[in-house]
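# Topology and contacts: notes
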Amino acid sequence: AEHWRHATPASASAIVVADGLVLAAFLDGSLMLIDAASGDLRLAAKVRIGGIATVLYALAAHGGRLAVGTFDGRIALVDLATLRTLRATRGGIDLA
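In this text, all values refer to a predicted model and were calculated from it rather than measured experimentally.

Of the regular secondary structure elements, the protein holds one helix and nine strands. Helices and strands appear in the protein in the N-to-C order β-β-β-β-β-β-β-β-α-β. In terms of overall dimensions, the protein is globule-like: its C-alpha atoms have a radius of gyration of 12 Å, near the 12 Å expected for 96 residues. In terms of overall dimensions, the protein has C-alpha extents of about 40 × 30 × 20 Å along its principal axes. Counting across all 96 residues of the protein, residues that qualify as buried make up 40%. The long-range share in the protein, meaning contacts at least 24 apart out of those at least 6 apart in sequence, stands at 37%. Taken as a whole, the protein presents about 5300 Å² of accessible surface, with 56% of it coming from carbon and sulfur.

What follows is the structure, encoded as structure tokens:
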């Protein structure tokens, strides 16, 4: 049975469930953090790494960390606890 659903800004490029969150990356460069149990949207923002806008193509979570891979050949490792506290600024979030 379906628990909840969200409209999305674009087609998904990667989705992972970790630490009670659904983390979904999209081909328009945005990332959504959704509470896995309630479906409440925690964050929806464009992603930057090193101040440069990017598209996340791969997500993997383990041990409280999220590894991301980008279409432009960068990877970053982010603490999920830190990610939960981020708020969009200048139209997006900086992962690293």
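To continue, consider the nonpolar core. Leu23, Leu56, Leu59, Leu83, Ile93 and Leu95 are the most contacted members of the largest nonpolar core, which has 23 residues in total. Elements represented by at least two residues in this core include exactly strand 1 (12-18), strand 2 (21-26), strand 3 (30-35), strand 4 (41-49), strand 6 (56-62), strand 7 (65-70), strand 8 (75-79) and helix 1 (80-85). With four residues, the top contributor of residues to this core is strand 4. Ignoring anything within four residues of it in the chain, the contact list for isoleucine 93 reads Leu31, Leu43, Ala45, Lys46, Val47, Arg48, Leu83, Leu86, Arg87 and Ala88. The next biggest cluster of nonpolar side chains, apart from the first, holds five residues, and it includes Val22, Ala24, Phe26 and Ile34.

Sheet topology places strand 6 next to strand 7; six bridges connect them, and they run antiparallel. Bridge pairing links leucine 56 to threonine 70 in strand 7. Joining the antiparallel neighbours strand 6 and strand 7 is a turn of two residues, in which glycine 63 adopts a positive phi near 60°. Bridge analysis of strand 7 against strand 8 gives five bridges, and the strand direction is antiparallel. From the neighbouring strand, arginine 65 faces strand 8, where its bridge partner is aspartate 79.

Parameters at a glance
- Residues numbered from 1 in each chain as written.
- Predicted model: local features only at pLDDT ≥ 70, side-chain atom pairs only at ≥ 80, totals over all residues.
- Heavy atoms only, no water.
- Helix = DSSP H or I, 4+ residues; strand = E, 2+ residues; numbered from the N terminus.
- Rg over C-alpha atoms; globule rule 2.2 N^0.38 Å.
- Buried < 20%, exposed > 50% of the residue type's maximum accessible area, 1.4 Å probe, protein only.
- Contact = heavy atoms within 4.5 Å.
- Areas by Shrake-Rupley, 256 points an atom, 1.4 Å probe, with all protein chains shown as cover.
- Core = buried A, V, L, I, M, F, W, Y, C linked by side-chain atoms within 4.5 Å.
- Pairing = 2+ DSSP bridges.

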